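Per-entry structural report
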Amino acid sequence: VDWLSQRNQIDAAKKCGCTHVVICSSMGGTNPDHMLNGLGRDDGDPATKGNILQWKRKAEQYLIESGLTYTIIHPGGLVDKPGGCRELVVGVDDVMVDGEGTNTIPRDDVAETMVQALRHEAFRNRSFDLRSKLEGDGDPTSDFA
């Protein structure tokens, strides 16, 4: 799903003339030993089973090389909490600075950021990590420009 389906969607977007593709990937892709890469792994076939984050990164690279305008968002752990109540933190390469909140983010905030990526030019041809501070720590993010 994370590679072949993404590739098919990117090819379909090019074919139909789509001008901007936004994908939701995952933080953790810089660490080959991340626990998500172990899910579904078959020791008898380690090259094609598991490695979820590596397959996601392969799809990201395909999108970047496709020539389409893109935005790739790597959210932290998704939580079922209301959106719009926390300050969002943007980063790169899975770096989490002490005192900047948690490694999680409400699903609603990820969805809103994906919509905003289509509205604002500054998001074009960018790839970034996204997580949130704890609710009440900082001002809720409302300005995406």
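Residues numbered from 1 in each chain as written. Predicted model: local features only at pLDDT ≥ 70, side-chain atom pairs only at ≥ 80, totals over all residues. Heavy atoms only, no water.

1. Section: the sheet that holds strand S2 (residues 69-75)
Ordered in space as S1-S2-S6-S4, the four strands form an open sheet in which the pairing is mixed. Strands at the two margins of the open sheet, each flanked by one partner only, are strand S1 (20-24) and strand S4 (88-91). Between one strand axis and the next, the sheet turns through 25 degrees on average, direction left out of account. Relative to strand S6 (residues 126-132), S2 runs parallel, the two being bridged by five bridges. In the strand pairing of S6, histidine 74 is matched with aspartate 129. Docked against the sheet, helix H4 (residues 107-119) engages S1, S2, S4 and S6, running at close to 165 degrees with respect to S1. (Pairing = 2+ DSSP bridges. Helix = DSSP H or I, 4+ residues; strand = E, 2+ residues; numbered from the N terminus. Axes fitted to C-alpha atoms, helices over the stretch in contact; angles between N-to-C directions. Contact = heavy atoms within 4.5 Å.)

2. Here's the deal with the nonpolar core
Val22, Ile73, Leu88, Ile105, Val110, Ala117, Phe123, Phe128, Leu130 and Phe144 form the largest nonpolar core, which has ten residues in total. Breaking this core down by element, the ones donating at least two residues are H4 and S6. With sequence-adjacent residues up to four places away left out, phenylalanine 123 is seen in contact with Tyr70, Thr71, Thr113, Gln116, Ala117, Phe128 and Phe144. The next biggest cluster of nonpolar side chains, apart from the first, holds eight residues, and it includes Ile10, Val21, Tyr70 and Ile72. (Core = buried A, V, L, I, M, F, W, Y, C linked by side-chain atoms within 4.5 Å. Buried < 20%, exposed > 50% of the residue type's maximum accessible area, 1.4 Å probe, protein only.)

3. Remarks on empty space enclosed by the protein
One pass over the full model with this rule turns up two cavities of 30 Å³ or more. Volume-wise, the largest cavity comes out at about 50 Å³. Around the largest cavity, the lining residues are Asp2, Gln6, Ile23, Cys24, Ser25, Lys56 and Ala59. Elements represented by at least two residues in the lining of the largest cavity include exactly S1 and helix H3 (52-65). Volume-wise, the second largest cavity comes out at about 40 Å³. Met27, Val89, Val90, Gly91, Val95, Asp129, Leu130 and Arg131 together form the lining of the second largest cavity. Listed by contribution, the elements that provide at least two residues to the lining of the second largest cavity are S4 and S6. For the lining of the second largest cavity, the per-class residue count stands at five nonpolar, one polar and two charged. (1 Å grid on protein atoms, 1.4 Å probe; cavity = no way out; pocket = protein on both sides within 12 Å on 5 of 7 lines; lining within 4 Å. Points joined across faces, edges and corners; volume = space filled by probe spheres on them. Nonpolar A, V, L, I, M, F, W, Y, C, P; charged D, E, K, R; others polar.)

4. Remarks on the pairing of S6
Here S6 lies mainly inside the structure; five of its seven residues are buried. Inspection of the sheet shows S4 paired to S6 by four bridges, in the antiparallel sense. Bridging from a neighbouring strand, leucine 88 pairs with serine 132 of S6.

5. So, H4
The periodicity of an α-helix, 3.6 residues per turn, causes residues three or four positions apart to be oriented the same way. The end-to-end C-alpha separation of H4 is 19 Å, in line with the 18 Å expected for 13 residues at 1.5 Å each. Of all the positions in H4, only Asp109, Val110, Thr113, Gln116 and Ala117 are classed as buried. Along the long axis of H4, the arc covered by the buried residues comes to 125 degrees, so they all point the same way. For H4, the elements touching its buried residues are S1, S2, strand S3 (77-79), S4, strand S5 (104-106) and S6. (Expected span 1.5 Å × (residues − 1). Arc of directions from axis to C-beta.)

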